[in-house]
Amino acid sequence: MTVQELPGAAAYRPTPPPAWKPLTDPAPLLPDPEPYRVLGTDAVADVDPELLLRLHAELVRGRRYNAQATALTKQGRLAVYPSSTGQEACEIAAALVLEERDWLFPSYRDTLAAVARGLDPVEALTLLRGDRHTGYDPRAHRIAPLCTPLATQLPHAVGLAHAARLKGDDVVALAMVGDGGTSEGDFHEALNFAAVWRAPVVFLVQNNGFAISVPLAKQTAAPSLAHKAVGYGMPGRLVDGNDAAAVHQVLSEAVERARSGGGPTLVEAVTYRMDAHTNADDATRYRGDSEVEAWRDHDPVQLMERELTARGLLDDEGVEAARAAAERMAAALRERMNADPVLEPMDLFTHVYAEQTAQLREQAARLREELAAENDQHGTHDGGAAR
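For the structure given in this document, a descriptive report is provided here. Given the structure is predicted, the values throughout are model-derived calculations rather than measurements.

### Structural notes on the pattern of salt bridges
Argument step 1. Counting across every chain of the model gives 18 salt bridges.
Argument step 2. The shortest N-O distance in the salt bridge between aspartate 102 and arginine 259 comes to 2.6 Å. Highlighted residues: aspartate 102 in the loop between helix 2 (88-96) and strand 1 (103-105) and arginine 259 in helix 8 (residues 244-259), separated in sequence by 157 residues.
Argument step 3. Note that arginine 129 and aspartate 131 form a salt bridge whose closest N and O atoms lie 3.7 Å from each other.
Argument step 4. Three or more residues joined by partner-sharing salt bridges are found here, namely Arg101, Asp102, Asp170 and Arg259.

What follows is the structure, encoded as structure tokens:
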């Protein structure tokens, strides 16, 4: 006998149980229709002038860092470099809003954020140089290893933040990802996990227009990437990613919300990748010069300099001082990167697993034999790499 055949079935009107009702009012979670801005608006009057000057100095330094790292690829000193030129406001703001005890989870394009947080520029480039798995101690710097697989760092950030909260540690994790990473399953899993457990984590999506050559319109039909937040029960914020003061303010509010127990926030920073995806990419195959030139008028360094100059906080001497400091950083980076590193090939197997697998042991033994044969051929007998 089916439900329809039961007596009184015609009068049956199913009522959803209470658990069906929305858990959260969606209205407060929705982003504003336009990216939030500070520079060039009345809101800039409330920003500490010292913060604006620091943001400017870091932007100038970051622009020079990107240019120098790109040049190092052409000189053969770097295997690859994903430039963040044009996105420096996102990178700098992400580094400056965090306390020393907090954690930064960068993607492969976020070397500048790591450097702005205090990491040695050479150590930040070691992975991209092909020398080591990572060039720094993540625990010492509270910076997770630069993540080349798309979006896999996001669940890691949520896990660390959730664990910190369970331990009672006052720690926030800030995870960075590009618009292309939002098409990965890891992105959605991380947001769902974070929202359900109210983990103290902030997701910063740098929407630079392209996932390599794929434009955003080919990735999503959502009104914005920030709108994806409401589906997971967290606030979505939309900000002008080239306005360093605006990004800093929005991220600061999100970090404070996370630290006070309010849960995660998804921030979409609308920016633009001025350079190619990496030095191995030909961006002219999928975008025109006119598009790039249009974004040059919204350059983050110029936006900040115009604001500071108009307010009388920066003059030509100040601009030149910032550029000179950036040039000194670039010169030191060049000099140190021009020195050939001394590497131990067997280190390839040292930090993969706490206990090596049988396959790794086999590979290590094979490499050890090859190195020994090479040393014998060249007349060396130290049992390691030829120096």
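This is not the end of the story, as more comes after the structure.
### Considerations on a negative patch on the surface
Argument step 1. A cluster of acidic residues, Asp315, Asp316, Glu317 and Glu320, forms a negative patch on the protein surface.
Argument step 2. Structurally, aspartate 316 can be placed in helix 11 (residues 316-337).
Argument step 3. Residue aspartate 316 is classed as exposed on the basis of its relative accessible area, which comes to 71%.

### A word on unusual backbone geometry
Argument step 1. The backbone of arginine 198 sits at a positive phi, close to 50°, despite the residue not being glycine.
Argument step 2. Given a relative accessible area of 42%, arginine 198 falls into the partly exposed group.
Argument step 3. Here isoleucine 212, not a glycine, exhibits a phi torsion of approximately 60°, which is positive.
Argument step 4. If you trace the backbone, isoleucine 212 turns up in the loop between strand 4 (210-211) and strand 5 (214-215).

### With respect to the sheet that holds strand 3 (residues 201-207)
Argument step 1. Taken together, five strands build an open sheet; the order of strands is 1-2-3-7-6 and the sheet is parallel. Looking at the sheet topology across the chains shown, the edges are occupied by strand 1 and strand 6 (236-240). Across the sheet, the mean angle separating the axes of adjacent strands is 20° when strand polarity is ignored.
Argument step 2. Pairing analysis gives three bridges linking strand 1 to strand 2 (residues 173-178), with the strands arranged parallel.

### Here's the deal with the side chain of threonine 271
Argument step 1. As for its position among the elements, threonine 271 is in the loop between strand 7 (265-270) and helix 9 (289-296).
Argument step 2. Exposure remark for threonine 271: the relative accessible area of 2% places this residue in the buried category.
Argument step 3. Of note is the side chain of threonine 271, whose polar atom sits 3.1 Å from the backbone oxygen of glycine 86.
Argument step 4. Once residues within four sequence positions are removed from consideration, threonine 271 is found in contact with Gly86, Gln87, Cys90, Gln206, Asn207, Asn208, Gly241, Asn242 and Trp295.

### Quick word on the packing of helix 2 against helix 8
Argument step 1. Relative to each other, helix 2 and helix 8 sit at 35°, their axes nearing to 9 Å. Between helix 2 and helix 8 the crossing geometry is right-handed. For the pair formed by helix 2 and helix 8, the contact residues are Ala89, Cys90, Ala93, Ala94 and Leu96 on the first element and Ala244, Val247, His248 and Leu251 on the second.
Argument step 2. Looking at the contact of helix 2 with helix 8 residue by residue, the classes come out as eight nonpolar, one polar and no charged.

### Structural notes on the state of the cysteines
Argument step 1. A full pass over the atoms with the stated rule returns zero disulfides.
Argument step 2. Between cysteine 90, a free cysteine, and cysteine 147, which holds the nearest cysteine sulfur, the sulfur-to-sulfur gap is 18 Å.
Argument step 3. Overall, the relative accessible area of 0% leaves cysteine 90 in the buried class.

### Observations concerning a nonpolar patch on the surface
Argument step 1. On the surface, Phe193, Val196 and Trp197 cluster together into a nonpolar patch covering about 300 Å² of accessible area.
Argument step 2. Tracing the sequence through the fold places phenylalanine 193 in helix 7 (residues 185-196).
Argument step 3. A relative accessible area of 31% places phenylalanine 193 in the partly exposed class.

About the criteria used
- Residues numbered from 1 in each chain as written.
- Predicted model: local features only at pLDDT ≥ 70, side-chain atom pairs only at ≥ 80, totals over all residues.
- Heavy atoms only, no water.
- Salt bridge = Lys/Arg side-chain N within 4 Å of Asp/Glu carboxyl O.
- Helix = DSSP H or I, 4+ residues; strand = E, 2+ residues; numbered from the N terminus.
- Patch = residues over 30% accessible without salt bridge, like charges linked within 9 Å, V, L, I, M, F, W, Y side chains within 5 Å.
- Areas by Shrake-Rupley, 256 points an atom, 1.4 Å probe, with all protein chains shown as cover.
- Lys, Arg positive; Asp, Glu negative; His and termini not counted.
- Charge placed at Lys NZ, Arg CZ, Asp CG, Glu CD.
- Buried < 20%, exposed > 50% of the residue type's maximum accessible area, 1.4 Å probe, protein only.
- Pairing = 2+ DSSP bridges.
- Axes fitted to C-alpha atoms, helices over the stretch in contact; angles between N-to-C directions.
- Polar contact = N/O pair within 3.5 Å; in protein donor to acceptor, adjacent residues only side chain to side chain.
- Contact = heavy atoms within 4.5 Å.
- Left-handed = near helix turned anticlockwise from the far one by under 90°.
- Nonpolar A, V, L, I, M, F, W, Y, C, P; charged D, E, K, R; others polar.
- Disulfide = S-S within 2.5 Å.

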